[in-house]
Amino acid sequence: MRDREAAGSGGETSAPDGRRPRRWRTRSLRTTLAIAFALVAAGVTALVGVLSYDSAARLVRVDQEAVFDEVVHDLRSQVRQQALSPDDFTSADPDHDGPRDDLTRPVGTDVQVLGPGGTMIDKGSPPLPVDADARRIADADTAGTHAEDDDVPVGDDEYRMATVALGDGRGAVQVAQEFSDTEDLLRELQKRTLLVAAAVVLAAGLFGWWLARRITSRLVRLAETAERVASTGRLDVAVPVTDRDEVGSMGRSFDRMLGRLARSKEDQRRLAQDAGHELRTPLTSLRTNISLLRRIDELPPASRAELVADLTDESRELTDLVNELVNLAAGHQDDEAPVEVSLAEVAEDVAVLARRRTGRTVTVRADPDTTITGRPTQLQRALTNLVENAAKFDTDGTAPIEITVTRIPGAGVRVEVLDRGPGLEEVDTERIFDRFYRAPAARSSPGSGLGLSIVREVAAAHGGVPFAARRDGGGAVIGFTAREAVSD
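On a predicted model such as this, the values are computed, not experimentally measured, just so you know.

A separate point is the environment of Gln-81. The topology assignment puts Gln-81 in helix α2 (residues 29–81). Through-space distance from the C-alpha of Gln-81 to that of Ala-143 is 8.9 Å; in sequence the pair is 62 residues apart.

Set out below in structure tokens:
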């Protein structure tokens, strides 16, 4: 009860009113990839846009300032070299070859001419403000004296203005450059940069969505296949395997996994069917004999002894059958780690155990190098089954049971158990390793027919195969080859 409550406490809890609580909807991989593409594009575009705009704005402003400074410098040089009057800078020059034109030609500079005392002789377009500094420069005695102001409001616009004295109190020339046009140009550039950035982000998001859909559509099909397997329990579902990229590799791995699960399920089904069939006979016999125990007092002594002996044999056979079923099932789930194993040493250990159990002579002949990477317990179990099988079918024999372990170049190690028993028929050599198969001549002997099937499983788990053949001079040769442990 406590375990059930503990298990229930880890699940989803219900709201006080009995309704199921709302769950946050998980964001799909497709949406995540699309958002990631859009964010990356936004970050890159913003960085590139800001750097590009900043560089362009700086270049434009620096260029405009450099041109204006050059105009002011040329004007100061001109008035220092020549004694010019305000009339020389008026806009009434019909040939447009006077000093005024030299000022307006490079950058469209606005020019305004002042007379003595700062009186306005020729207004600019638009008129420029005349303040106290401008009047002071107009009355200056030294030609080229100037004053600059970088932020002069004229109407709704801002100008950079310089006032240069003509000298000897003759007046001054004002030149101005509008900043508003440059800033309007930069603002337009900024607006277009933002529009381009938004278009790039949108395009990146759409491309990310398309690419994510292309990638995740196969993952969705794999997920649907997994859901179908989970809901129906069927393992014969076709797995969509197409491309050779990581998703395709996942699909192939999933397909191999389903194949292996299907084989495992089929093995379990056959094992259960065969075990049920084989267990039915000894259980029926036991049930019959147990029913006779109720009348054991009525039976003669000889029948009593026979009944007890029968029960003993049936219980022993049933015990052996259950043990071998357990060993066979455990063979598929053995967690023993592969290590370096000398099959010659395994054979010696098995021989010592067999001599003690059966009283038979067991000899071992082995090559010097019989080491493989394997699971010692499985290999010992397989070899023990072979030796016990040989002793069981040659109970009255006096010839020794022989174990040979030889290294086969390029094929691993070959293990053979040789006896002088009744031998094998041709049909037996083909089916002897099947579960519960027993040769017609051996059906009256004790055993379950599982020992050699375990040998086959162990051989397959070590990259080898079992074999059986008739022995020259009578008897049988049964064994297996092994190369190295095969990972599950």
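Turning next to the environment of Gln-177. Counting through the fold element by element, Gln-177 comes out in strand β5 (residues 172–178). Taking relative accessible area as the criterion, Gln-177 reaches 5% and is therefore assigned buried. Separated by 27 residues in the primary sequence, Gln-177 and Asp-150 place their C-alpha atoms 9.5 Å from one another. In contact with Gln-177, other than residues within four places in its own chain, are Gln-64, Phe-68, Glu-158, Tyr-159 and Arg-160.

Together, Phe-37, Phe-207 and Trp-210 make up an exposed nonpolar region whose accessible area comes to about 320 Å². Positionally, Phe-207 belongs in helix α5 (residues 179–232). Note on Phe-207: relative accessible area 43%, which makes it partly exposed.

Of all hydrophobic cores here, the largest spans 35 residues; its most connected members are Leu-383, Leu-386, Ile-403, Val-417, Ile-478 and Phe-480. Secondary structure elements with two or more residues in this core: α8 (343–358), α9 (376–392), β9 (401–408), β10 (412–419), α11 (451–461) and β12 (476–482). Sort the elements by how many residues they give to this core and α9 lands first, with seven residues. Leu-386 has contacts with Val-417, Leu-452, Val-455, Ile-478, Gly-479 and Phe-480, leaving out every residue within four places of it along the chain. Counting 16 residues, the second-largest nonpolar core is a separate cluster that includes Leu-84, Leu-103, Val-111 and Val-164.

So, about the sheet that holds β10. In sheet architecture, strand pairing relies on hydrogen bonds along the backbone and comes in two forms, parallel and antiparallel. Read across the open sheet, the five strands follow the order β7-β9-β10-β12-β11; overall the sheet is mixed. The open sheet terminates on both sides in strands that have one partner only, identified here as β7 (362–366) and β11 (466–470). For this sheet, the mean inter-axis angle between neighbouring strands, taken without regard to orientation, is 15 degrees. One ladder, built from seven bridges, connects β10 with β12; its direction is antiparallel. The partner of Leu-418 across the bridge, within β12, is Val-477. Sheet strands touched by α8: β7, β9 and β10. Its angle to β7, the strand with the most contacts, is close to 175 degrees. Of the strands in this sheet, β11 and β12 touch α11, which is tilted by about 25 degrees from β12.

Moving on: the pattern of salt bridges. Evaluation of the coordinates by the stated rule reveals ten salt bridges. Put simply, Asp-150 and Arg-160 hold a salt bridge, and the shortest N to O gap is 3.0 Å. Residue Asp-150 is located in strand β3 (residues 146–154), and its partner Arg-160 is located in strand β4 (residues 157–165); the two are separated by ten residues in the primary sequence. For Asp-150, a relative accessible area of 48% translates into the label partly exposed. Classification of Arg-160 as buried rests on a relative accessible area of 9%. Linking Glu-416 and Arg-414 is a salt bridge whose minimum nitrogen-to-oxygen distance equals 2.7 Å. Taking the relative accessible area as the measure of exposure, Arg-414 reaches 27% and is therefore partly exposed. Taken together, the salt bridges that share partners define one network made up of Asp-69, Glu-148, Asp-150 and Arg-160.

Attention now goes to the pairing of β3. Strand direction decides the pairing type here: β3 and β4, joined by seven bridges, are antiparallel. Across the sheet, residue Val-152 finds its bridge partner in β4, namely Tyr-159. Taking the residues that link successive antiparallel strands as the turn, the β3-β4 hairpin has two residues, and the phi of Gly-155 there is positive, at about 65 degrees.

This part covers the side chain of Arg-360. Tracing the chain through its elements places Arg-360 in the loop between α8 and β7. On the basis of relative accessibility, which here comes to 12%, the residue Arg-360 falls in the buried class. Within polar-contact distance, the side chain of Arg-360 engages the backbone oxygen of Ala-399 at 3.0 Å. Not counting residues within four places of it along the chain, the set of residues in contact with Arg-360 comprises Arg-355, Ala-391, Asp-394, Thr-395, Gly-397, Ala-399 and Ile-401.

Conventions we followed
Each chain has its residues counted from 1, following the order in which its sequence is written. Totals for whole chains, interfaces and linings use every residue, but because this is a predicted model, local features are given only for residues with pLDDT of at least 70 and side-chain atom pairs only at 80 or more, for both listing and counting. Hydrogens are left out, water is left out, and the side-chain values use all remaining heavy atoms of the structure. By definition, any uninterrupted DSSP run of H or I lasting at least four residues is a helix, any uninterrupted run of E lasting at least two residues is a strand, and each is numbered from the N terminus. The classification of residues rests on relative accessible area computed with a 1.4 Å probe and restricted to protein chains. Under 20% of the type maximum is buried, over 50% is exposed, and intermediate values are partly exposed. Contact between two residues is taken to exist if any of their heavy atoms lie within 4.5 Å; hydrogens are not considered. Nonpolar side chains (Val, Leu, Ile, Met, Phe, Trp, Tyr) are joined into patches within 5 Å and like charges within 9 Å, using only residues with over 30% relative accessible area and no salt bridge. Residue-level accessible areas treat just the shown protein chains as cover; the underlying method is Shrake-Rupley with a 1.4 Å probe. Put simply, a salt bridge is a Lys or Arg side-chain nitrogen that is within 4 Å of an Asp or Glu carboxyl oxygen. For this analysis, a nonpolar core means a set of buried residues of the types Ala, Val, Leu, Ile, Met, Phe, Trp, Tyr and Cys, connected via side-chain atoms within 4.5 Å. Strands are treated as partners if at least two bridges between them are detected by DSSP. Fitted lines through C-alpha atoms serve as axes, helices being fitted only where they are in contact, and the angles separating the N-to-C directions of these axes extend from 0 to 180 degrees. Whenever two N or O atoms come within 3.5 Å, that pair is a polar contact, provided that in protein one can donate a hydrogen and the other can accept it, and provided that, for residues adjacent in sequence, both atoms are side-chain atoms.

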